[in-house]
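One-letter residues, chain by chain:
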Amino acid sequence: MEQYSGSQIVVLEGLEAVRKRPGMYIGSTGPRGLHHLIWEILDNGIDEHLAGYCSKIDITLLKDGGIEICDNGRGVPVDIHPTKKIPTVRVVYTILHAGGKFGNSVYKVSGGLHGVGASVVNALSKRMVVEVRRDGKIYRDEYTNGGHPIVDLEGGLLPVVGKCNKSDTGTKVTFYPDDSIFETVDFKADMIHKKLKEIAFLNKGLLINFIDQHTNTTKSYQEEFGIKSFVSYLTRDMTSLHEEPIYLEGKSGDIEVEIALQYTDSYTEQINAYCNRINVVDGGTLVTGFKTGLTRVLNQYARELNVLKEKDENFDGKDIRNGIVAIISIKHPDPQFEGQTKTKLGNTDAKSAVDEVFSTESQRWFDKNVEVLKSILDNTMKSFNARRASDKARTAVLKQLNDVDTRSKLASCSSKKPEECELYIVEGDSAGGTVKTARNRKTQAVLPLRGKILNVEKATLEKILLNNEIKSMIATFGCGIGDEFDITKLRYDKIIILTDADVDGAHISTLLLTFFYRFMPELILEGKIYKGLPPLYKVEFETSVKGKKSKQSQYLFNDFELEKFRKIEGNKIINIQRYKGLGEMDAHQLWETTLDPETRILARISISDTVEADEITTTLMSSNVPPRRTFIMEEARYAKVDI
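Each chain has its residues counted from 1, running along the sequence as written. Local features in this predicted model are restricted to residues whose pLDDT is 70 or higher, and side-chain atom pairs enter the listing and the counts only when it is 80 or higher, whereas totals over whole chains, interfaces and linings include all residues. To get the side-chain values, take all heavy atoms of the structure and skip hydrogens and water.

Some remarks on the overall build of the protein chain
And step 1. Tallying secondary structure elements over the protein chain gives 20 helices and 22 strands in all.
And step 2. Partly exposed describes any residue whose relative accessible area lies between the buried limit of under 20% and the exposed limit of over 50%, with all areas from a 1.4 Å probe on protein chains only and scaled to the type maximum. The buried share of the protein chain, reckoned over its 643 residues, is 50%.
And step 3. Intrachain contacts of the protein chain at a sequence separation of at least 6 include 69% that bridge at least 24 residues.
And step 4. Areas reported as accessible are Shrake-Rupley estimates using a 1.4 Å probe. Residue values count occlusion only from the protein chains shown. Surface accessibility of the protein chain: about 31500 Å² in total, with carbon and sulfur atoms responsible for 48%. Strands here mean DSSP runs of E at least two residues long; helices mean DSSP runs of H or I at least four residues long; both are numbered from the N terminus. When checking whether two residues touch, look at their non-hydrogen atoms; a contact exists if any pair is within 4.5 Å.

Spelled out as structure tokens, the structure:
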């Protein structure tokens, strides 16, 4: 037996743990993780704004590849830290879990709670410079290669590098991401623009200037009406049932609550929740409080206005929320998130606070705006009637699911353990036949679809449930749909979309993802949906090593990889085979490239921004053509395949 002792336990000191496992702190080392560095530094200035000390933040995309973020807050403290005996600013930027946000004496509400943001950015940068303006002086510290200070202290303090007016306070951070850690260190201006727009909506009155030195352009963001404008922005291409969004605000204990909502003629609901400006993707207690209050208040009005008779059952919450677009934003002094990713809020007092504020303020608002109330109740009644028709269809479909003939389509796997089973959804019988031959029959099941499934964004639930391909998927998954959905009954640990690498394949994938997102979102949120990435080319080539020639082959996944391969010296291309579809691969090739867990490439489908996900899904899949055309024209220049 191999010896196992304490000498084999590695302890990573300081910021080395961050550099070793960056994904634990910023999610990934891809583009989203790279841009997350900006948001972490930006958060510090926004927290100063929430505390009432910062009115402006400048973000500059530097020509040399760096990012500069400058706020006019109070400036990070520069005095000697009482326990670390070094300047406090150095503590903040070099030590994990150091910050002014653990108590509530400095920040009553804050988005950064773990004290890892600034130091994590430093750990993942090859260079960082921090300048602090306080008390008429400018202090400067600099770090290289993952947070190592290179500035000599003077009497234990940072050197003063300049003077400024005493009223001129704040912090400026400039950093350069480490290209040995990130897949790319090229910041995308469009991603920054989208995020800054959202931040401006959530921080009423804050002025944010974005300066792009690459294009010599400056764009400013400032929203006077905050989340009310946010809702107007989200519904700009929809047909609204009332002209102005409903805006409510109030306070319950130490929790401040803001709610803005607007009803549209859409079949879906869109509720986006924020706690201390953080988008809690999975919602949590604040969303529960909103839904509870909304359902109770509107049912109460429906009785008072005789919309519901004495013998009628109450409106269901889903009837009431049909077509709603809402933003819930709270400021909480001690939020409890689930994990560092902060995707769900757990505080029970947030539920009661949102419920209380909505119930009180909405009744005041509706009493003054009875016509809007009536239009909402009319929409709810239509939804109620439509749901009863859909319920009949769903009940009929669910009763038939056991009788749905999936045997002629589904090639099931022999294992009955969901944790080791995977389901491949493939397009067409040709590809399905090849995948069935190539798969591991014990753990890999195959469900071929005949053609493109229904676009669920344009259809009623009743029509959706009568679609044969959708019925086959519901029956195969085993976890139901709608109110009956239960993810614990899912028969597969992975559901893998496997389509051809062409336009039709991309369209089928989009239709499937739209269905999952609108009617089984838990599958995406729980990380069960994947996209298989088959190669586009097989290149046979001759190479020479020390004068010895040999023939080899390599799979390439897109045109970019092919062009890159062509430029490699010493490789003589003999033949290039382009796969127009999965059916063109033999079973061995398909197993080797796409099915073998040891060698395949899978992309897990995730949602990092519910606002963007809802907006893009509606834009691309609804019947409204002009917004779709505009989106495609604007985004085409950024289009590429990310592997």
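Overview of the pattern of salt bridges
And step 1. A side-chain nitrogen of Lys or Arg and a carboxyl oxygen of Asp or Glu constitute a salt bridge if their distance falls within 4 Å. In this structure the tally under the stated criterion is 23 salt bridges.
And step 2. Here Glu-244 makes a salt bridge to Lys-228, at a shortest N to O gap of 3.7 Å. Residue Glu-244 is found in the loop between helix H7 (227-234) and strand E10 (246-252), and its partner Lys-228 is found in helix H7; the two are separated by 16 residues along the sequence.
And step 3. Its relative accessible area of 25% is what places Lys-228 among the partly exposed residues.

Side note on the sheet that holds strand E19 (residues 537-545)
The strands making up a sheet associate through hydrogen bonds between their backbones, and the pairing can be parallel or antiparallel.
And step 1. In short, DSSP must find at least two bridges between two strands for them to pair. In spatial order, the strands read E20-E19-E21; together these three strands make up an open sheet with antiparallel pairing. Of all strands in the sheet, those with a lone pairing partner are strand E20 (548-556) and strand E21 (571-578), marking the two edges. Pairwise comparison of adjacent strand axes, ignoring direction, gives a mean angle of 20° for this sheet.
And step 2. Direction of pairing for E19 relative to E21: antiparallel, over a ladder of seven bridges. Within the sheet, the bridge partner assigned to Val-539 lies in E21 and is Ile-576. Whenever a helix is involved, its axis is fitted only over the stretch in contact; in every case the axis is a line through C-alpha atoms, and angles between N-to-C directions fall within 0 to 180 degrees.

Some points on the packing of aromatic side chains
And step 1. Pairing of aromatic side chains requires ring centres within 6.5 Å, counting the rings of Phe and Tyr and the six-membered ring of Trp. Pairs whose planes differ by under 30 degrees are stacked, by over 60 edge-to-face, and all others tilted. Enumeration over the complete set of coordinates arrives at twelve aromatic pairs.
And step 2. Aromatic pair Trp-365 and Phe-366: ring centres 5.7 Å apart, planes at 85°, arrangement edge-to-face.
And step 3. Judged by relative accessible area, which is 4%, Phe-366 ranks as buried.
And step 4. Members of the aromatic cluster, joined through ring pairs, are Phe-201, Phe-230, Tyr-233 and Tyr-274.
And step 5. Either the NZ atom of lysine or the CZ atom of arginine qualifies as a charge over a ring when it sits within 6 Å of the ring centre and within 35 degrees of the ring normal. For the cation-ring pair, Arg-74 lies above Tyr-53, with the distance from its terminal atom to the ring centre recorded as 3.9 Å.

Re the pairing of strand E11 (residues 255-263)
Remark: a regular strand shows side chains that alternate across the two faces of the sheet.
And step 1. Counting buried positions over the nine residues of E11 gives eight, a clear majority of the element.
And step 2. As paired elements, E10 and E11 share seven bridges and run antiparallel to each other. Bridge pairing in E11 places Tyr-247 opposite Ala-260.
And step 3. With antiparallel pairing between neighbouring strands as the criterion, E10 and E11 make up a hairpin whose turn holds two residues, including Gly-253 at a positive phi of roughly 65°.
And step 4. Strand direction decides the pairing type here: E11 and strand E14 (residues 324-331), joined by eight bridges, are antiparallel. Within E14, the residue paired with Ile-259 across the bridge is Ile-328.

Details of the packing of helix H14 (residues 468-477) against helix H15 (residues 503-519)
And step 1. Relative orientation of the contacting elements H14 and H15 amounts to 60°, with a least axis distance of 13 Å. As judged from the angle between their axes, H14 and H15 are oblique. When the axes of H14 and H15 are compared, the crossing they make is right-handed. Counting all contacts with H14, which are made through Ile-470, Met-473, Ile-474 and Phe-477, the residues of H15 involved are Leu-512, Phe-515 and Phe-516.
And step 2. The class makeup of the residues in the contact of H14 with H15 is seven nonpolar, no polar and no charged. Note on angle classes: values under 35 degrees are labelled roughly parallel, values over 145 roughly antiparallel, values of 65 to 115 roughly perpendicular, and the remainder oblique. Handedness of a crossing is defined here by the sense of rotation of the near helix relative to the far one, left-handed for an anticlockwise turn of less than a right angle and right-handed for a clockwise turn. Ten residues, namely Ala, Val, Leu, Ile, Met, Phe, Trp, Tyr, Cys and Pro, are considered nonpolar, four, namely Asp, Glu, Lys and Arg, are considered charged, and the remaining ones, Gly among them, are considered polar.

Quick notes on the sheet that holds strand E13 (residues 278-279)
And step 1. The mixed open sheet is built from five strands, whose spatial order is E10-E11-E14-E12-E13. Strands with a single pairing partner mark the edges of an open sheet, and in this sheet they are E10 and E13.
And step 2. Both strand E12 (residues 270-275) and E13 contribute to a ladder of two bridges, which runs antiparallel. Following the sheet pairing, Tyr-274 is matched in E13 by Asn-279.

Observations concerning the nonpolar core
And step 1. Residue types Ala, Val, Leu, Ile, Met, Phe, Trp, Tyr and Cys, when buried and joined through side-chain atoms within 4.5 Å, form a set referred to as a nonpolar core. Core analysis: the biggest nonpolar cluster contains 50 residues, and Leu-42, Ile-69, Tyr-93, Met-128, Phe-175 and Leu-196 have the highest contact counts within it.
And step 2. The contact partners of Met-128, leaving out residues within four places of it in the chain, are Ile-41, Tyr-93, Ala-118, Val-121, Asn-122, Asp-141, Glu-142, Tyr-143, Val-173, Thr-174 and Phe-175.
And step 3. Membership of the second largest hydrophobic core comes to 41 residues, among which are Ile-255, Tyr-263, Phe-290 and Tyr-301.

Re the packing of helix H6 (residues 189-202) against H7
And step 1. For the pair H6 and H7, the least separation of the axes is 7 Å and the interaxial angle reads 135°. As far as their axial angle goes, H7 and H6 are oblique. Contacts from Lys-197, Glu-198, Phe-201 and Leu-202 of H6 reach H7 at Ile-227, Ser-229, Phe-230 and Tyr-233.
And step 2. Considering only residue class, the contact of H6 with H7 consists of five nonpolar, one polar and two charged.

A word on unusual backbone geometry
And step 1. The backbone of Asp-135 sits at a positive phi, close to 55°, despite the residue not being glycine.
And step 2. Summarising the element assignment, Asp-135 is placed in the loop between strand E3 (125-134) and strand E4 (137-144).
And step 3. A relative accessible area of 57% means that Asp-135 is categorised as exposed.
And step 4. The backbone of Asn-276 sits at a positive phi, close to 50°, despite the residue not being glycine.
And step 5. Structurally, the position occupied by Asn-276 is in the loop between E12 and E13.
And step 6. Here Asn-276 falls in the buried class, since its relative accessible area comes to 1%.

Quick notes on the state of the cysteines
And step 1. Here, the term disulfide refers to a pair of cysteine sulfur atoms separated by no more than 2.5 Å. Tallied over the full model, the rule gives zero disulfides.
And step 2. Cys-70 supplies the cysteine sulfur nearest to Cys-54, a cysteine that is in no disulfide, at a spacing of 9.1 Å.
And step 3. Look at Cys-54 and you get buried, because its relative accessible area is 5%.

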